[in-house]
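# Structural characterization, general
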Amino acid sequence: LARGRLVCSIRNERKEKNEFYLYASKDLMTSMLGILDDFERALKEIAKNGNESDLKGVELIYQKFRNKLIEKGLKPIDVNVGDDFNVDFHEAITQIPSPTPELKGKIVDVIETGYQLHDKVIRFAKVVTGK
């Protein structure tokens, strides 16, 4: 009986240690999300007003940065117009009259990308829903 408790205790300790290593970078990852957002806004502005070579250069840096974060376990939460609202992944910042009957109670706009670190949400996707 004591041996069984010891084995169980060792398994729990290993599980806690693994979770610690998986999520130790959570604060750093969360702080990097603002930089990803800034890159995305810059890309939109350069695409509207800038020249092609500037856009390509900034896109290259953005992709390298984003890919490094993804290598470390960051995953964007995929959200599309028409998706069902899910409190596990989305934060509704407002509701607007539904543009079509099929969008009633569904996502009509995505304001900010949400992210997970491995399998835990570190930032909910900010969305607008139809009413």
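Look up a bit, the structure's there.
First things first, this report covers the structure right here in the doc. Keep in mind that this is a model prediction, so the values were computed, not measured. (Residues numbered from 1 in each chain as written. Predicted model: local features only at pLDDT ≥ 70, side-chain atom pairs only at ≥ 80, totals over all residues. Heavy atoms only, no water.)

### A look at the packing of aromatic side chains
Our working definition: In this scheme Phe, Tyr and Trp rings, the latter by its six-membered ring, pair at centre separations within 6.5 Å, and the angle between planes marks the pair as stacked below 30 degrees, edge-to-face above 60, and tilted otherwise. Here a strand is any run of E in DSSP of at least two residues, a helix any run of H or I of at least four, and the numbering for each starts at the N terminus. Note on exposure labels: buried denotes an accessible area under 20% of the residue type's maximum, exposed denotes more than 50%, and partly exposed covers the range between, all computed with a 1.4 Å probe on protein chains only.
The full count for this structure, using the stated rule, is 2 aromatic pairs. Plain terms: the ring middles of Phe39 and Tyr62 are 5.8 Å apart, the flat faces sit at 55° to each other, and that makes the pair tilted. Of the two residues, Phe39 sits in helix α2 (residues 26-49) while Tyr62 sits in helix α3 (residues 52-71), which places them 23 residues apart along the sequence. For Phe39, a relative accessible area of 18% translates into the label buried.

### A closer look at the nonpolar core
Using the following cut-off: The criterion is simple. A nonpolar core is a set of buried Ala, Val, Leu, Ile, Met, Phe, Trp, Tyr and Cys residues joined through side-chain atoms within 4.5 Å. For this analysis, residues touch if any pair of their heavy atoms sits within 4.5 Å.
Residues Met29, Leu33, Leu36, Leu69, Leu74, Tyr115 and Ile122 are the most contacted members of the largest nonpolar core, which totals 14 residues. Within the residue set of this core, elements represented by two or more residues are α2, α3 and β4 (114-117). Sequence-distant contacts of Ile122, defined by excluding residues within four places in its chain, comprise Lys26, Met29, Thr30, Leu33, Leu74, Tyr115, Gln116 and Leu117.

### Observations concerning the pairing of β4
Here is the rule we go by: When DSSP finds at least two bridges between two strands, those strands are taken to pair.
Residues Gly114 and Gln116 line one face of β4 and the alternating positions Tyr115 and Leu117 line the opposite face, and both faces are buried. As defined by bridge partners, strand β1 (residues 74-77) adjoins β4 across 4 bridges and the pair is classed as antiparallel. Paired with Leu74 across the strands is Leu117, a residue of β4. Two elements, β4 and strand β5 (residues 120-123), share 3 bridges in a ladder whose sense is antiparallel. Across the sheet, Tyr115 pairs through a bridge with Arg123, a residue of β5. Here β4 folds back onto β5 in antiparallel fashion, the turn holding 2 residues, of which His118 has a positive phi close to 55°.

### Examining the environment of Thr30
Here Thr30 shows up in helix α2. Its relative accessible area of 33% is what places Thr30 among the partly exposed residues. Counting along the chain gives 85 residues from Thr30 to Tyr115, while the straight-line C-alpha distance between them is 8.9 Å.

### Examining the sheet that holds strand β3 (residues 107-112)
Put simply, the rule is: Axes here refer to lines fitted to C-alpha atoms; in helices the fit is confined to the stretch in contact. Angles between the N-to-C directions go from 0 to 180 degrees.
If you trace the 3 strands from one edge of the open sheet to the other, you get β2-β6-β3, paired in mixed fashion. Every interior strand has two partners, whereas the edge strands, β2 (90-96) and β3, have only one. Sheet twist, expressed as the average angle between the axes of neighbouring strands with direction ignored, equals 30°. In terms of strand pairing, β2 meets strand β6 (residues 125-130) through 6 bridges, oriented parallel. Bridge pairing in β6 links Ile96 to Gly130.

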